[in-house]
Structures are given as C-alpha cells and as structure tokens.
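# Inside the fold
The lines below spell out each chain.
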Amino acid sequence: MTQEVKTYTVPTMADMAASGEEPEILFWVGCAGSFDDRYKRVTIAFVRILNHVGIKFAVLGPEEGCTGDPARRAGNEFLFQMQAMSNIQVLNGYNVKKIVTACPHCFNTLKNEYPELGGNYDVIHHSQFLQGLINEGRVRVKDGESFKGRRITFHDSCYLGRANKVYEAPRDVLAALDADLVEMKRVRANGLCCGAGGGQYFKEPEAGKKDVNVERVEEALGTGADTIAVACPFCMTMMTDGVKNKNKEDSVRVYDISELIAQGQGL
Amino acid sequence: MEIFQQILFVAALAATAWYITKRIKLIARAINLGRPENRFDHADERLKTMLLVAFGQKKMFANPLVGVMHFVIYAGFIIINLEILEIILDGILGTHRLFAPYITPVYPILIDMFEVLAFGVLAVCVVFLCRRFIARVSRLQASRHRELRGWPVSDATIILTAEILLMIAFLTWNASDSVLRDRGVGHYGELQGIVPDFLISQYLKPLFTGFSDTALVAYERTSWWLHILGILAFAVYVTYSKHLHIALGFPNVYFSDLQPKGEMQNMPEITKEVQLALGLPVTTEADGAQANDNGEQPPAEVGRFGAKDVQDLKWINLMNAYSCTECGRCTAACPANITGKKLSPRKIMMDTRDRLEEIQQGWQTNGPDYRDEKSLLNDYITAEELNACTTCQACVNACPININPLDIILQLRRYRVMEESQAPASWNAMFSNIENNMAPWKFSPSDRFNWADQVNDAN
Ligand code: SF4
Ligand code: SF4
C-alpha cells in the first residue's frame, strides 16, 4: 500500500444544506466534545474514524447548543426546555433524521426527552455506531498500535447503561482490540457511577468520607488494568482525576473507546 | 361454652375487618393526595412486569440465597393462608377440621404441605434475625443508617418474632390435636382414621404425651386461639408497618415506571411558557390534561413547579412510600451513600411515608380537612441530601419492587430551583452559562467549532 496523506474533513450541516446535500448521519459533538481539551481529542478521534470509513456525516458546528441535560437534572426545567426547543428548531430545520453522539447524557436527552417536545430522531451512541462498523467489517483494528497483552477495564456510564441498557456495544468495541478485558465487580446494571451525573460535575460534592470517583477508581485499579476505557466525557474527567488522586497517572491511562479504536487503526 | 367461643370469634373477626377497612380508607386517602398520573396504560406489559417482579420475585434473586429464603416466607404466607379459611369456618361454625371428612384423601397432603412451609418460614425468620443481629448485614444496621434508628428496627424484629411464634402455634396446635385424637377425647376422637398424623408435628407429639386430657384440650384451644388471633392482629399491624409491602407490593409493581430509567418526566405546564417565550406555536398536547368535549383545555391547575410536600408528588410516589420494605438495597447501591454523604434513597421513601402518616394523624385528631404547616422538604428531607444525588438510577435498579426514589428527589429539586431559587451558587453559574453561552462553561459560543482546526494535527 502506498502511504496516503491523511486529511480529515469536518463538514457542517450549513455547508451541506448550501450545496443541497443531506448527510447520512449528524454527529452531535456536545459541549464537552467541543470545549473540553481532553474530550476534544475524543471528538477528533471519532471524526477521523468517520472519515476513514467514508461515511457521509456532518456536525452542527456553532449552531449546536447544550441539550439542557445538566440544567434539567439540577431542577431548572425552564432552562432545559428553552435549550431543547431551540435545538429542536435547528435540527428540524435541517431535517435531521439520524444522530450519533459520543456523550451518553446528550444521547439520553436527545433520544428519550426530545420526542415529547417535538424532536423525533433516530439517536445512537458512538459505542453502538462503532459496534455496527466493526460488525460490518468496515472497521478493522490493524496498522496501528497493538493491544495484545494489555489489560483494559470498562467503566459503565449510568446514562448509557442503566438509563438505556447499552451494555454490550462498548464491550464489543473493546473486544475488537484483542486486549484482555477485565471486569470490575460492580458492572452493567450494578455499575457504580463516576460521581458526575445529575449536575454533580458542576459543583463541589457534598460532605462525606470520600469522593465517588476515588471509590470507583480504586475498584478499577483493583482489576490490575493499565487502561480504563470510558464512553462518556464526564466519566473521562472523573476517572482521570481519580487516577491522579491515587498517583497512578504514569501507569494507568483513561481513554474513550473511540480513541482506542483510532489508535488501533493508526488514525 | 362452644357457642360462647363462636360469638367471641365472630366478634374478633368483625372488629378486625372493621378496623382494617378504616385503615385502608385512610391510606387510600393519603395516596390520593398525590397529583394525577396515568399508570393504567400498557396493561399487558404491566401485567408481565407484575408476574415477574412481584409474583416471581425476580429482583430478589439478585442474591440467590436471600432470594430463596424470602421466597419461602412469601410462598408460606400465601399458601398457609388457605388453611386460614378452614380455621375461620371452624371458628364461626364451632366445628373441628371442617374440611377433613369431605376431602379425606387430600386433606393430610395439604396439611403436610402447610407444615413444611410453616417449618420453612420459621427457619428463615430465625436466619433473618441472625442476619440482622449476629451477621450484622450492613444495610440493616441502625448504627450505619440513621433512618433505621428506633421504630424501624423494632418493627422488623417484632414481625420476625411474631411470625416465629405464629408458626410455633400452628405446629404445636397440630401436635396437641394429634395426641387428643389418638386418645379419642371428645370430638377430637371422631376424626380417628380420617385424619392421620402430620409430617412435622408428629415429631412434636412427645412434648404433649405427659399432659392430662384437660391440660391438652386447654393447650389445643389456646394455641388455636393464639394462632388465629395472632393472624388477625398481624393483619392490623401490617397497615402500620413496612410489612404493608405484602399487600401493596403487587399494585406497586403493576403501576411501576415503564419508560427508560434515564428519562425525566416532562413538565407540560412549562412547555407552554417556553413556547410563548420563543414565539413558537403553542402545542396543546399537554400530558395529563384532557381536552373536553368542545376541544377546550380544562383550566390549568395553579400548582407549584416541582414538589415541596407530599401533595405535590404523584400518587404513585406516595404508593411507593407505603410499599417500601425498608430493605436498603437502594441505599447500599447509592454512590452518594457509599461515599458517606447524607443522602439515602431509603430515607427518602421513609420520610415520604412518615410525612403522610403525620398528615393522617392530623386528620384523625383535628378533622379531615386539617393541614399543618410542615412539609416534606426541609422538615424531613434537606437540601444537602437532595444536592448529593448523581441521578445514577442505581437505587431504581436495585429496588426489588420497582420503587423510584430518584423521581421524588428530582421533583423536590425542581421546587428548590424554580420556586425558591435555592440552587447552589455553582449551579446558578452553570445555568447562566447555558443561558448565555449555550454551554455549561464560560466559553464563547463562536469558539464552539474551533476543535475542527486541530483535526489534522499530529496526535
Ligand atoms: S439516583 Fe441518586 S439516590 Fe439513587 S442511587 Fe443514584 S445517587 Fe443515590
Ligand atoms: S425503596 Fe426499594 S430498595 Fe429501597 S428500601 Fe424501599 S423497598 Fe428497599
């Protein structure tokens, strides 16, 4: 194979509409995916995979706004509905039918809570999307980093797992890596929260004996894994902070599942 | 003498029925304080859930050993109640083992089965007491969970002890009856050859062989009366206790949430205001409100946003509170509680029931329209507890009878934020960021797409 020059592109809905096109799927980036330095790398990894497999996708770019999830869960229903209605106007304006997102909170809100406000889309999480690509043979983990012999443990996100019963997709994605998957004791429906949901990410925790993310990271470290795989921007931060708290940041890394796939493909 | 016993029995039965009816009405009235909510849809799915989760006790088997033990008590409770029918008829008619002559071949099989179950119930109750007081299972310890202090621990102990005593009464009653039958005393002897010894109680007979006939009859009568009066008292007691779940567990599961656990309930009354604010056409598909014959909406109820007290919650939340078994599986799964925060989802449910019972008390002492000044929020549940919830739904998932503590927490949060503007300062900052910058952080919305510039950078 000749060495191809990799140039990745990120089309916006506005561009597509201007040229009279419609994408197969809208990639909903989310606030963390847009602004958080660490999670921007996940966004980029996922966009590279989308480019690599040649899927016709688009993003909203500056037209996207917070889904309103943190406001709703903190109790501010007005603000949530303001956000939801504005987003629905934009999405319906572009006639969006299918959405993929790397954030379980956006996923849950778009999928379960927007329909009642007039936004009906086929919404999937990026773990399900990647699972589909792997099953269809469109993504093969080769040419990149080898994961042989590495131990990976997967942390279930509440809004992906319990909230929407997506337990297998992220595990199937990780299985493509040919690494050793090790499970924590509290997994799937019994998974322990990272401590960020319900607006917790945006304030100091209440007084207690311990932070939730530390409790969870201790469990993850107990598996002997060198990689903690996550599928949520907030889990990402919480787990990373927990690993730092335990002074393990040199030996244990936290990655999103799409980053691991991108690494395995050398993207 | 016989007729005196019959009169006494009928009187006890009538008094119990009257009192329980009164209690049921009171509890139903309290549950009806809640806001309307349609939980009568999807009958087939609800029935299926009830068969699996309530009758089949599916979620109890998360821990198989405890699942089996609880199942023994549950099956024993349901099946032994068949025997109560005969006991009640005997009591009213002054007969002895009324059914025996009519169903002679199956009668001993039935009683044997009841005895095995009774023995099983007895054994499990002993194990459950040991789990509480010797093995000290963490979620059941008042020393670790403040909501269990006082009455809840006594309640559990009283019930387990009462069940043990009831089962002992039942088994020794059968044993003393067998001895009387062997000796051919009075009407007991008439069943000789019709009713044999029973599977378990036959081994208890030696306890009674030293008794005189009179003493034996006295024991037989006493244990019979203790057994049935015990059961009647138990039925009344249950309406005051966490053991109300033996009745309410079933409807509670039938009416449980069918939507995905992560979905928060919409507030249609706010949708309208938001549509007006954004200059959008107002849709009238508001959830609970039904258009009347002329197609007009009924006047919107002037209610609070969110919940401050029990009447602001939905009736199902209140039924949940009366159904809660105080088992603490929710609390044992709660990340906030595990890490030492004040929040305990079990306490949320117990507080809700305590508040309802306080209101019932008020009705009883001061008349049916009485309202006090207290509220669930603040007088029972504090902001510190509410703010600690990560909305992870672990409690909802853990509850063996599909109770949803999270739903109550979220409704109380809504009240605090929308009616009282009492959000923590950093949440207010998050709100204003979303409002002004379309993101929960203070970034300029025009920078939202900047990440795309790095898409071709080296890793
Ligand atoms: S949803 Fe809230 S109350 Fe329930 S387990 Fe999670 S943190 Fe605890
Ligand atoms: S809410 Fe459910 S899990 Fe929690 S104590 Fe009550 S019955 Fe047990």
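Residues numbered from 1 in each chain as written. Chains lettered and ligands numbered in written order. Predicted model: local features only at pLDDT ≥ 70, side-chain atom pairs only at ≥ 80, totals over all residues. Heavy atoms only, no water.

With that out of the way, let us pick up the site of ligand 2. Residues and elements named next belong to chain B. All residues in the neighbourhood of ligand 2 are listed as C324, T325, E326, C327, G328, R329, C330, R346, M349, C399, P400 and I403. Of all elements in the fold, only α11 (329–333) and α13 (345–366) reach the threshold of two or more residues within the shell around ligand 2. Residues of the shell around ligand 2, tallied by class, amount to seven nonpolar, two polar and three charged. (Near = heavy atom within 4 Å. Helix = DSSP H or I, 4+ residues; strand = E, 2+ residues; numbered from the N terminus. Nonpolar A, V, L, I, M, F, W, Y, C, P; charged D, E, K, R; others polar.)

Residue and element names in this part refer to chain B. Around ligand 1, 13 residues are found, and the nearest of them are C334, C389, C392, Q393 and C395. Breaking the shell around ligand 1 down by element, the ones donating at least two residues are α16 (394–398) and α17 (405–419). Grouping the amino acids of the shell around ligand 1 by side-chain chemistry returns 10 nonpolar, three polar and no charged.

Residue and element names in this part refer to chain A. Following the UniProt record, the feature "domain: Cysteine-rich" (unreviewed entry) maps to residues 26–111 and 152–239 here. Counting secondary structure, residues 26–111 comes out at 63% helix and 10% strand; the distance between its end C-alpha atoms is 14 Å. As a span, residues 152–239 carries 30% helix and 10% strand, and end to end its C-alpha atoms are 14 Å apart. (UniProt positions renumbered as here; feature names shortened; annotations may be inferred.)

Okay, the interface of chain B and chain A next. Taken together, the contacts link 64 residues of chain B with 74 residues of chain A. Between chain B and chain A, a total of about 5,900 Å² is buried, with carbon and sulfur atoms accounting for 64% of that surface. Area buried by chain B at its contact with chain A is led by W441, R448 and W451 of chain B, which between them contribute 14% of it. In this structure, E77 of chain A and R414 of chain B form a salt bridge, with 2.7 Å as the shortest nitrogen-oxygen distance. On the surface where chain B and chain A come into contact, there are 30 residue pairs in polar contact (both at pLDDT 80 or more). For the side of chain B that touches chain A, the secondary structure elements donating two or more residues are α9 (268–277), α12 (335–338), α15 (383–387), α16, α17 and α18 (425–437) of chain B. Per-class residue counts for the side of chain B that touches chain A are 34 nonpolar, 17 polar and 13 charged. (Contact = heavy atoms within 4.5 Å. Buried area = accessible area lost by both parts, 1.4 Å probe. Salt bridge = Lys/Arg side-chain N within 4 Å of Asp/Glu carboxyl O. Polar contact = N/O pair within 3.5 Å; in protein donor to acceptor, adjacent residues only side chain to side chain.)

Looking now at the pattern of salt bridges. Summed over all chains, the structure comprises 47 salt bridges over all chains. Across the pair D37 of chain A and K40 of chain A runs a salt bridge, and its minimum N-O distance is 3.3 Å. Separated by three residues within a single helix, D37 of chain A and K40 of chain A lie in helix α3 (residues 37–53), roughly one turn from each other. Where D309 of chain B meets R371 of chain B, a salt bridge forms, and the shortest distance between an N and an O atom there is 3.6 Å.

Residue and element names in this part refer to chain A. Judged by how many residues are buried, helix α7 (residues 126–135) sits mostly within the fold: seven of 10 residues are covered. Inspection of α7 places H126, S127, F129, L130, Q131, L133 and I134 among the buried residues, and these make up the whole buried set. Of the residues flanking the end of α7, it is G137, one or two places downstream, whose phi is positive at about 75°. (Buried < 20%, exposed > 50% of the residue type's maximum accessible area, 1.4 Å probe, protein only.)

On the surface, K165 of chain A together with K48, K58 and K261 of chain B cluster together into a patch of positive charge. Its place among the elements puts K58 of chain B in the loop between α2 (43–55) and α3 (64–93). (Patch = residues over 30% accessible without salt bridge, like charges linked within 9 Å, V, L, I, M, F, W, Y side chains within 5 Å. Areas by Shrake-Rupley, 256 points an atom, 1.4 Å probe, with all protein chains shown as cover. Lys, Arg positive; Asp, Glu negative; His and termini not counted. Charge placed at Lys NZ, Arg CZ, Asp CG, Glu CD.)

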